[in-house]
Amino acid sequence: MAIDRIMTEATELHQEYKQKIQQAIGEVGKVVVGQEYMVQRLLIGLFTNSHILLEGVPGLAKTLTISTVARVLHLDFQRIQFTPDLLPADLVGTMIYNQKEGKFEVKKGPIFANIILADEINRSPAKVQSALLEAMQEKQVTIGETSFQLDRPFLVLATQNPVEQEGTYPLPEAQVDRFMMKVSVSYPTKEQELEIMRRISNMQFSYEVKPVLTKQDIFAIRDAVNQVKISESLERYIIELVTATRRPLEYKLEKEAQYIQFGASPRASINLNLAAKAQAFLEGREYVLPEDIKEVAADVMNHRILLNYEAEADNVKTTDIIKVLLQKVPISR
């Protein structure tokens, strides 16, 4: 009886948070037209304590969406424009001399917030990128001789422009691998763009939203996501998917094998598991289905599969490879 009561309470709590999440998405929709896919991916990152890399051309409301999500979730937000002359100290902070007190004091940088938008991260040199990625991994920064813990929750959403690459410093594969997902932000539909145009031209654009979730809610949702169940067969399915990117010939993927230079790292397995659990939670379930894994597979693996020059010559993308993997790699029973 005690177990039944606990299960019932857990289910009720799950439904309560699902309603709050839907309400939060609705609040974001008051400001941002479309981009539900991006909002969902941001929430998956937040609920799994992971970071997201967004790729899309300018003007797709990436900054507006992220700042609105931060306000709806009652979190501190900082936007950092990455430029070629940006220094690590501009990001994490530095020591300044207080003439009145006659001593050095710590001046914290903009990274001390809950949600960081690293806008056009590939515009800054390696030292700045490294400083950000170290903070992402260690959840702390060192200024002078003192280490400071970053605020919790801490989520980095980095953007990069896929079109204009002149004068950029592309992130090395090892650094890109630290992002849970690489999400391609697409253009709005015709109807969505019509709505955007009408809102702006009629001065009906409002930035007013009300907070829905608190930090305590976010931590509780993270605990609930961790408790989402995944069967051993689906765990093995994740391993098979990732292994197929490394040894495609063993899975009879002869055509795809000629294009893959390096397969996905173990972080792909870890993040597929986490993202699938979060996807199931957002769908209102306490267990993972194969569809959850397939839903997040492209975003989790598309930046972890390195293709060769032959793939570029034949205009083959990583998403094409992943589609074939999802079709041909079986789910073990």
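Conventions and cut-offs
Residues numbered from 1 in each chain as written. Predicted model: local features only at pLDDT ≥ 70, side-chain atom pairs only at ≥ 80, totals over all residues. Heavy atoms only, no water. Core = buried A, V, L, I, M, F, W, Y, C linked by side-chain atoms within 4.5 Å. Buried < 20%, exposed > 50% of the residue type's maximum accessible area, 1.4 Å probe, protein only. Helix = DSSP H or I, 4+ residues; strand = E, 2+ residues; numbered from the N terminus. Contact = heavy atoms within 4.5 Å. Pairing = 2+ DSSP bridges. Axes fitted to C-alpha atoms, helices over the stretch in contact; angles between N-to-C directions.

On to the nonpolar core, then. Ranked by size, the top nonpolar core spans 74 residues in total, and within it F47, L73, M181, L272, I293 and M301 carry the most contacts. Among the elements that line this core, the one with the most residues is helix α11 (residues 266-282), at eight residues. Not counting residues within four places of it along the chain, the set of residues in contact with M301 comprises V242, T245, A268, L272, I322 and L325. Formed by 28 residues, the second largest nonpolar core is a distinct cluster that contains I111, I116, L150 and F154.

Turning our attention to the side chain of R41. By the secondary structure assignment, R41 is in helix α2 (residues 36-47). On the accessibility criterion, R41 (0% relative accessible area) is buried. Discounting chain neighbours no more than four positions away, the residues touching R41 are I52, M181, V183, Q279, E295, V296 and D299.

Every buried residue belonging to helix α14 (residues 318-328) is among T318, I321, I322, V324, L325 and L326, and all of these are buried. Buried-residue contacts for α14 involve α9 (232-246), α10 (254-257), β10 (260-262), α12 (290-301) and β11 (306-307).

This paragraph deals with the sheet that holds strand β8 (residues 155-160). Strand order in the open sheet made by the five strands is β2-β5-β8-β1-β9, with parallel pairing throughout. Looking at which strands have only one partner, the edges of the open sheet turn out to be β2 (77-81) and β9 (181-184). Ignoring which end each strand starts from, the neighbouring axes of this sheet average 20° apart. Where strand β1 (residues 52-55) meets β9, four bridges bridge the pair, whose relative direction is parallel. When the sheet's bridge partners are listed, L54 is paired in β9 with V183.

It is worth spelling out unusual backbone geometry at this point. In this structure, the amide linkage connecting R152 to the following residue, P153, adopts the cis form with an omega of -5°. Relative to the helices and strands, P153 resides in the loop between β7 (146-149) and β8. Unlike most non-glycine residues, H74 shows phi in positive territory, near 60°. With respect to the element layout, H74 can be found in the loop between α3 (62-72) and β2. The exposure class assigned to H74 is exposed, which follows from its relative accessible area of 55%.

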